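Observations on the three-dimensional arrangement
So the chains spell out like this:
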Amino acid sequence: MKVAVYPGSFDPITYGHIDIAKRALKVFDKLIIFVSVHPTKHALFSAEERVVMIEEVLKDSLDRIEVRISTDLTVIDTKKMGATHMVRGLRALTDFEYEFQLTHANRVLDNEIDSIYFMTDNKFSYLSSTTVKEIALFEGDLSKFLPPFIVEKLEKKIKE
Ligand code: ADP
């Protein structure tokens, strides 16, 4: 069975992330989505809230998707799960530089775990969790970026 991990902040999950997860499911039998907890990154949603949101919007695929919180180095948690690959998404050239560094650093840490990249549908190539949080702060229309369940959670969170 081919197992991959899809790590990220998912703060919150967007249609861009969902697009990448669906593409990965065409290649791998099982996808483990890792909600990464970074000691230096402040997230809007708690890791537990992010897990609930991901499970809700991907509920039709939960027979092949598992969602977990990762608190260790991603390569270490990837190996622990018996996965061989880490899935990442590429939007534009600006992602490339960061992902290039990440892939090579990860290879130094563990050369048996490789990274695999998918490009999203062009209509999501500008989309990031940071952008949607900024739009939410100004009470803009989020319906083109996020599933309705996430729109509701984000609008509520911004008001807290
Ligand atoms: P991180 O903080 O690890 O970058 P993100 O949640 O921002 O986590 O993203 C996780 C992965 O999903 C990254 O590989 C990122 O490039 C990818 N991703 C995020 N948004 C999109 C999008 N709109 N299209 C394609 N890939 C995306």
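Every chain is numbered on its own, with residues counted from 1 as its sequence reads. Owing to the predicted nature of the model, reporting of local features is limited to residues with pLDDT of at least 70; listing and counting of side-chain atom pairs is limited to 80 or more, with chain, interface and lining totals taken over all residues. Side-chain calculation: all heavy atoms of the structure are included, whereas hydrogens and water are not.

Re the overall build of the protein chain
- For the protein chain, the count of helices and strands is six helices and five strands.
- For the protein chain, the N- to C-terminal ordering of α and β elements is β-α-β-α-β-α-β-α-β-α-α.
- Each principal axis of the C-alpha atoms in the protein chain carries an extent, and together these give about 45 × 35 × 30 Å.
- Using a 1.4 Å probe on the protein chains alone, a residue whose accessible area is under 20% of its type maximum counts as buried, one over 50% counts as exposed, and one in between counts as partly exposed. Considering the protein chain as a whole, with its 160 residues, one finds that 44% of them fall into the buried category.
- When contacts within the protein chain are restricted to residue pairs at least 6 apart in sequence, long-range pairs at least 24 apart make up 75% of them. Only DSSP runs of H or I covering at least 4 residues are called helices, and only runs of E covering at least 2 are called strands; the numbering of each starts at the N terminus. Contacts were defined at the residue level, with two residues in contact if any of their heavy atoms lie within 4.5 Å.

A short note on the site of the ligand
- A single heavy atom is enough: if one lies within 4 Å of a molecule or strand, its residue is considered near that molecule or strand. Within the structure, the ligand sits among 17 residues, and Ser9, Lys41, Gly89, Thr120 and Leu127 are positioned closest to it.
- In this structure, a nitrogen atom belonging to the ligand sits 2.8 Å away from a main-chain N or O atom of Leu127.
- Here the Shrake-Rupley method, with its probe set to 1.4 Å, supplies the accessible areas, and only the displayed protein chains count as covering residues. Protein burial of the ligand: of its 550 Å² of free accessible surface, 91% is covered by the chains.
- In the cavity and pocket records, a cavity denotes points on a 1 Å grid over the protein atoms alone where a 1.4 Å probe fits but cannot get out, a pocket denotes an open set with protein on both sides within 12 Å along at least 5 of 7 lines, and lining residues are residues with an atom within 4 Å of a point. Assignment to a cavity or pocket requires that more than half of a molecule's atoms be within 2 Å of the site's grid points. When atom positions are compared with the pocket grids, the ligand is found to occupy the largest pocket.
- Of all the secondary structure elements, the ones that give two or more residues to the shell around the ligand are β1 (3–8), α1 (15–25), β4 (85–90) and α4 (93–109).
- Each residue gets one of three labels, nonpolar for Ala, Val, Leu, Ile, Met, Phe, Trp, Tyr, Cys and Pro, charged for Asp, Glu, Lys and Arg, and polar for the others, Gly among them. Here the shell around the ligand is built from residues that sort into six nonpolar, six polar and five charged. As used in this structure description, the phrase polar contact means that two N or O atoms lie within 3.5 Å; if the pair is within protein, one of them must be able to donate a hydrogen and the other to accept it, and residues adjacent in sequence are counted only when both atoms belong to side chains.

A short note on the pattern of salt bridges
- Salt bridges are identified by distance alone: a Lys or Arg side-chain nitrogen within 4 Å of an Asp or Glu carboxyl oxygen. Taken as a whole, this structure holds 15 salt bridges when the rule is applied.
- Taking the shortest distance from any N to any O, the salt bridge between Lys133 and Asp11 comes out at 2.9 Å. With Lys133 in helix α5 (residues 129–137) and Asp11 in the loop between β1 and α1, this residue pair connects regions lying 122 residues apart in the sequence. Each of the two residues, Lys133 as well as Asp11, counts as buried.
- Its salt-bridge partner being Glu56, residue Lys59 comes within 2.7 Å of it at the nearest N-O pair.
- Three or more residues are tied together by salt bridges with common partners; here these are Lys30, Glu66 and Arg68.

Regarding the pairing of strand β5 (residues 114–119)
- As judged from the six bridges shared by β4 and β5, these two strands associate in the parallel manner. Considered in β5, the bridge of Gly89 is made with Phe118.
- Here, the term right-handed applies to a crossover whose path from the first strand over the helix to the second runs clockwise when the strands point away from the viewer. As for the winding sense of the linkage, the β-α-β connection from β4 through α4 to β5 is right-handed. Here a strand pair is declared whenever DSSP counts at least two bridges between the two strands.

Examining the layout of surface pockets
- Size it by volume and the largest pocket reaches roughly 1,100 Å³.
- Looking at the largest pocket, it is lined by 47 residues, and the ones nearest its centre are Pro7, Gly8, Ser9, Lys41 and Arg88.
- Residue assignment for the lining of the largest pocket shows that the elements contributing at least two residues are β1, α1, α3 (74–80), β4, α4, β5 and α5.
- Taken together, the residues that form the lining of the largest pocket break down as 18 nonpolar, 20 polar and nine charged.
- What lines the second largest pocket is Phe45, Glu49, Val52, Met53, Glu152, Lys153, Lys156, Lys157 and Glu160.
- Every element with two or more residues in the lining of the second largest pocket is listed here: α2 (47–57) and α6 (148–159).
- Of all the elements, α6 adds the most residues to the lining of the second largest pocket, at four residues.
- Taken together, the residues of the lining of the second largest pocket break down into three nonpolar, no polar and six charged. Grid points are joined across faces, edges and corners, and a volume is the space filled by probe spheres set on the points.

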